[in-house]
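As a plain string of letters, each chain reads:
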Amino acid sequence: MVQDRRFNTVVLHFTICAWYVFTVAQNMAITSLRSHPGVSAFGGRWKYLTFINLVLQAVFFSICFLADIGQLWDKVKEKQSLSTLVSFRDGLFSVLAFPVGTFVVISFWALYTYDRELVFPKHLDAIIPTWLNHAMGVLH
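Conventions used here
Residues numbered from 1 in each chain as written. Predicted model: local features only at pLDDT ≥ 70, side-chain atom pairs only at ≥ 80, totals over all residues. Heavy atoms only, no water. Helix = DSSP H or I, 4+ residues; strand = E, 2+ residues; numbered from the N terminus. Buried < 20%, exposed > 50% of the residue type's maximum accessible area, 1.4 Å probe, protein only. Areas by Shrake-Rupley, 256 points an atom, 1.4 Å probe, with all protein chains shown as cover. Phe/Tyr/Trp six-rings, centres within 6.5 Å; stacked < 30°, edge-to-face > 60°. Expected span 1.5 Å × (residues − 1). Bend = angle between axes of the 7 residues up to and from the residue. pLDDT = per-residue confidence, 0-100. Disulfide = S-S within 2.5 Å. Salt bridge = Lys/Arg side-chain N within 4 Å of Asp/Glu carboxyl O. Polar contact = N/O pair within 3.5 Å; in protein donor to acceptor, adjacent residues only side chain to side chain. Contact = heavy atoms within 4.5 Å. Core = buried A, V, L, I, M, F, W, Y, C linked by side-chain atoms within 4.5 Å.

Some thoughts on the overall build of the protein
Next up, step 1: A count of helices and strands for the protein gives 5 helices and 0 strands.
Next up, step 2: Along the protein, helices and strands appear, N-terminal first, in the series α-α-α-α-α.
Next up, step 3: In the protein, buried positions account for 36% of the 140 residues.
Next up, step 4: Of the accessible surface of the protein, which amounts to about 8,600 Å², a share of 70% is contributed by carbon and sulfur atoms.

Below you can see the structure in the form of structure tokens.
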């Protein structure tokens, strides 16, 4: 029973990791953004907190997946050797992944509700697909 739950956790973390990696890759694949003056200015995509959060979540869930695989392997070998990775994962979640993710979602949608042009101008609808916009601002 416990082994099944651990396997389900591995599958869940792998799926979420794959989703974030796919979303970052799709964001990077948008070449028509080069016509937008903000992208070619200092920092490129890295100046947008939504993009930074996407990368952060992808890294976090990659670490979760690796830690889960390691914990499954340790159970098979009956030893505990992943305490550093698990501690790093837990620290990353509590210090960066959760606070930044929560801030991005709340601030993005609060500003979007107040005045959409502040965070996602209408002309970006033709460049960034709706699903990608929601993936960057909702699924964290």
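Things to note about the packing of aromatic side chains
Within a pair of aromatic rings, the relevant descriptors are the distance that separates the centres and the angle that separates the planes.
Next up, step 1: What the rule picks out here adds up to 12 aromatic pairs.
Next up, step 2: For the pair Phe 93 and Phe 98, a centre-to-centre distance of 5.7 Å together with 40 degrees between the ring planes defines the contact as tilted.
Next up, step 3: For Phe 93, a relative accessible area of 39% puts it in the partly exposed group.
Next up, step 4: These aromatic residues form a ring-pair network of at least three members: Tyr 20, Phe 60, Phe 61, Phe 93 and Phe 98.

Digging into helix α4 (residues 83–114)
Next up, step 1: For α4, which comprises 32 residues, the first-to-last C-alpha distance of 45 Å matches the rise-based estimate of 46 Å (1.5 Å per residue) to within 8%.
Next up, step 2: Along its length, α4 shows its largest kink, about 50 degrees, at Phe 93.

Notes on the confidence of the model for the protein
Next up, step 1: Summarising the model, the protein shows a mean pLDDT of 84, and 84% of its residues fall at 70 or more.
Next up, step 2: Within the protein, helix α2 (residues 37–40) has the poorest average pLDDT of any element, 63, and α4 the best, 92.

Things to note about the state of the cysteines
Next up, step 1: What the rule picks out here adds up to 0 disulfides.
Next up, step 2: Unpaired in this structure, Cys 17 has its nearest cysteine sulfur neighbour in Cys 64, at a distance of 9.0 Å.
Next up, step 3: Since its relative accessible area comes to 3%, Cys 64 is described here as buried.

Topic: the pattern of salt bridges
Next up, step 1: Taken as a whole, this structure holds 3 salt bridges when the rule is applied.
Next up, step 2: For Asp 68, the salt bridge is made with Arg 89, and the minimal N-O distance between the two is 3.8 Å. Here Asp 68 is found in helix α3 (residues 49–77), whereas its partner Arg 89 is found in helix α4, with 21 residues between them in sequence. Arg 89 shares its class with Asp 68; the two are buried.
Next up, step 3: Note that Asp 90 is salt-bridged to Arg 89, the shortest N-O span being 3.1 Å.
Next up, step 4: Note on Arg 89: relative accessible area 14%, which makes it buried.

Observations concerning the side chain of Thr 23
Next up, step 1: Positionally, Thr 23 belongs in helix α1 (residues 2–29).
Next up, step 2: On the accessibility criterion, Thr 23 (0% relative accessible area) is buried.
Next up, step 3: A polar atom in the side chain of Thr 23 sits 2.8 Å from the backbone oxygen of Trp 19.
Next up, step 4: Aside from chain neighbours lying at most four places away, what touches Thr 23 is Leu 54, Leu 132 and Ala 135.

Focus: the nonpolar core
Next up, step 1: Phe 60, Phe 61 and Ile 128 are the most contacted members of the largest nonpolar core, which totals 24 residues.
Next up, step 2: Sorting the residues of this core by element identifies α1, α3, α4 and α5 (130–137) as the ones contributing at least two each.
Next up, step 3: Among the elements that make up this core, the one with the highest residue count is α3 (9 residues).

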